[in-house]
Structure formats: structure tokens, C-alpha cells
Amino acid sequence: MTTTKNNEHKKLNAPNLRFPEFQGEWNSFLINDVCSEFKSGKNIKADSISESGEYPVYGGNGLRGYTSSYNHEGSYVLIGRQGALCGNVRSVYGKTYITEHAIAVAGNEKSNTNFLHYLFLKMNLGQYSDQSAQPGLAVNKLLKLKVALPIISEQTKIAKLLSLLDERIATQNKIIEDLKKLKYAISKKLLCNDKWTTYKIQDIAEIGRGRVINSVEIDRQKHPLYPVYSSQTSNDGIMGYLDDYMFDGEYITWTTDGANAGTVFYRNGKFNSTNVCGTLKIHSKFDCYFVSLVLQQATQKYVSSNLANPKLMNNTMASIKIRMPDIETQKRLSKVFQALDGCLFIHQRTCEMYLKEKHYLLRQMFI
């Protein structure tokens, strides 16, 4: 790879990062000029779609099912054109049925179809949707957008690189899913035993809760080091960092309110917790990590899901009953699951690294 050096007085129409064998400026076109097809698919009745069949049916948000006929054959880029996810991009191959909720795109003599896939990803097409209750993309509006393309050989090489990276990301995601399935299967086998002693959570833990922490407080921090755990489950539940901490040591936290109510995390270290995050300080006669594993399987049945805002409050947590073996067995089983979690963590971070690399290349290899 080489970086493009722009003249001080004139910025070249070229990306920041290129393969060394390619030089010169990219050419500007309208999307209409670089596509042999750019139009919505056709409607299909719901009763014509089944869970299995000969030809896949793709809508605006991906695979909908299968049907007995097809309306496209070959390589196409699909752009979701309606709904909250309008502007999402994917590629399909072979014989497929594409519905009216997706725009089917194929390149022409000026463009490589796979290159268009990544170009559209970089463009963030969702920003061009109509601002209404039901967001949507207009084909005629998209066709008038300006794009910059290099010669076909450079397009092909860029698309190949990014395709290989996508294949690696897909493989990594498959490894992660398989590890999660393995952990689930082992959990069902090793964490349930009718011969173990039954305890209420209130008998084995001090039950607490965090405090109100908002984004304004987080933004005011000068040396933020300590994580703030909230009701969210993405990013390990972290919503930001503070200069100081509320808790120190091994704890269990759980989400008390909202869509993720009942989600359980094991924590170890110095951290903070919001008011929608419950805390458990496990008594020393029990292994905190093991308790978190057992609780992860138990909490969902206690969530008040019939409410508009699902809840698992402290009083309900206190009454939850779980079965536990002796402390030595707890520690031994914890080691098994910590090894699995450690492996899962490594693969998740590896996948995040590949995704960051992909986003970097999309920013640097396109105009």
C-alpha cells in the first residue's frame, strides 16, 4: 500500500491509500452512469415464502425465506430501501428473488459490482432517506449522487481485499457463535444438579444498587479511568468513565430496568454503577464468578415482562433461589468457564480488530 501525496495547491481526486501499481486520478460519475441495473425488486406474497425452498428471497433487511421462483440471476448488490435500516448494503449471488423493499444493483463496463458494494457502504446511503415516520430511499434520488471510481483493475483489487477481510470476519463470527453454543451446552450439563444445596440470593449476598449518573457528569471528568456500568448490554455494559469509583473487588451486576432487565455480569475491579444496575457482593464462602454463571440461567424467569418497562428489582432478586455445590466444586467449575470466557474474549477482540481495519480501509481507499 502507498499513500497519496497531494500537491500543495491542488488536491488530487484520489484516495489516501492505494496499491502501489496504481496512479492517477479517479473519474467522477453519477451512480446512474456506472450501473447496468439500479431498481427495486418485485412484490411477493407472504404465503409464497417458506423456511426452506429452492431460491432465497431477499428483502430490505436481508434473507426473508425461500420460494419456488427467482427474478434475478448473478451477482447483485442489495440496498435496503425502506424502514429503520434503509441504506444497509449486502451482496447476493446466483438465482435469487429480490423484493420491492430492496434495490438491486449491478455494475456495467465502468464498474465492478463488488466494488460498488463497498463504495455504497462507505457512502452511508441511509443519510439520504426521507425524514418521515417510515424512512425510505428514492431510487431517482440515489441515481443522481456523484461517485468517484478508478479503472476496473483497481476496483477489482480493492474489492478482492475487502472481500477477503469480510470472509475472515465471517469466520471469526462463526467461531464466536460456536464458542457460545459450547458454553451454553456445558452450562446446561454442569450448572444444574438437584443434589446441590438451595440458597436464596439474600442469604449469600449483600444487595445494592448504583446511583444516577448521566452523560453530563461523564463529560465533565478530567481523568476518567473507572468504568460506569449501565442497563445496556453492548460494550460490556459500559456507558462511560469517571475519575473515581464506587465499588472495588468482585461483584455481580444486573440490569434492573428496560429491555435488558435480568442480564447478569461478573465484575472484578474498580467501577461505578448507575441506578438501573443492581449489585451483589457475594459472601466469602461462595465463589462470585460461579454464582454469576448460575444466575445467568435463572434471572429471566423472574423478570416482570408483562410491564411496559420490564423490571427485575432488588426485592425480586433477593428471593431468587439457586442451587450451589460446595466451595471447592464451585472453584473447580469456575476455572472451566473462565477458560471458555477467556477464549471467547480473545476471539471477540480479534473480530473487533478486523472490523476496525475494514472501517479504516473504507475511509482511506475510497473518495
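Up top is the structure.
As the structure is a computational prediction, the values presented were derived from the model and not from experiment.

Caption draft 1: Layout of the sheet that holds strand β14 (residues 205-209). The strand order across the open sheet built from 6 strands is β14-β19-β17-β18-β15-β16, with neighbouring strands paired in mixed fashion. Each edge of the open sheet is held by one strand with a lone partner, namely β14 and β16 (238-242). Taken pair by pair, the neighbouring strands of this sheet meet at an average axis angle of 40 degrees, ignoring direction. Alignment of strand β15 (residues 226-229) against strand β18 (residues 264-273), held across 2 bridges, turns out to be parallel. Looking at the pairing, Y229 lines up with S273 of β18.

Caption draft 2: Here's a closer look at the side chain of T256. For T256, the position within the fold is in the loop between β17 (247-255) and β18. Note on T256: relative accessible area 0%, which makes it buried. Here the side chain of T256 touches R209 through a polar contact of 3.2 Å, side chain to side chain. A polar side-chain atom of T256 sits 2.5 Å from a polar atom in the side chain of D257.

Caption draft 3: Representation of helix α1 (residues 113-123) within the structure. Burial of α1 is extensive: 8 of the 11 residues sit out of reach of the surface. Here α1 starts with a cap whose side-chain oxygen sits 2.8 Å from the backbone nitrogen of N114, and that cap is N112. Of the residues trailing α1, N124 is marked for its positive phi of about 55 degrees.

Caption draft 4: Representation of the sheet that holds strand β11 (residues 102-107). The 4 strands lie next to each other as β4-β11-β8-β9, forming an open sheet whose pairing is antiparallel. At either end of the open sheet lies a strand with only one pairing partner, and these are β4 (35-40) and β9 (89-92). For this sheet the average axis-to-axis angle between neighbouring strands, irrespective of direction, equals 25 degrees. Strand direction decides the pairing type here: strand β8 (residues 76-80) and β11, joined by 4 bridges, are antiparallel. In the sheet register, G80 faces β11, and the bridge partner there is A102. Docked against the sheet, α1 engages β4, β8, β9 and β11, running at close to 130 degrees with respect to β11.

Caption draft 5: Local environment of the layout of surface pockets. Space inside the largest pocket adds up to approximately 1,200 Å³. Lining of the largest pocket is provided by 33 residues; of these, K183, D236, F265, Q296 and D341 occupy positions nearest its centre. Only α3 (152-190), β15, β18, α6 (288-298) and α8 (327-364) provide two or more residues apiece to the lining of the largest pocket. Among the residues forming the lining of the largest pocket, the class breakdown is 13 nonpolar, 11 polar and 9 charged. Its volume calculated, the second largest pocket comes out at about 300 Å³. Lining the second largest pocket are 13 residues, and of these C192, V294, A298, K321 and R323 lie nearest its centre. Across the lining of the second largest pocket, the residue classes tally to 6 nonpolar, 3 polar and 4 charged.

Parameters and conventions
- Residues numbered from 1 in each chain as written.
- Predicted model: local features only at pLDDT ≥ 70, side-chain atom pairs only at ≥ 80, totals over all residues.
- Heavy atoms only, no water.
- Pairing = 2+ DSSP bridges.
- Helix = DSSP H or I, 4+ residues; strand = E, 2+ residues; numbered from the N terminus.
- Axes fitted to C-alpha atoms, helices over the stretch in contact; angles between N-to-C directions.
- Buried < 20%, exposed > 50% of the residue type's maximum accessible area, 1.4 Å probe, protein only.
- Polar contact = N/O pair within 3.5 Å; in protein donor to acceptor, adjacent residues only side chain to side chain.
- Contact = heavy atoms within 4.5 Å.
- 1 Å grid on protein atoms, 1.4 Å probe; cavity = no way out; pocket = protein on both sides within 12 Å on 5 of 7 lines; lining within 4 Å.
- Points joined across faces, edges and corners; volume = space filled by probe spheres on them.
- Nonpolar A, V, L, I, M, F, W, Y, C, P; charged D, E, K, R; others polar.

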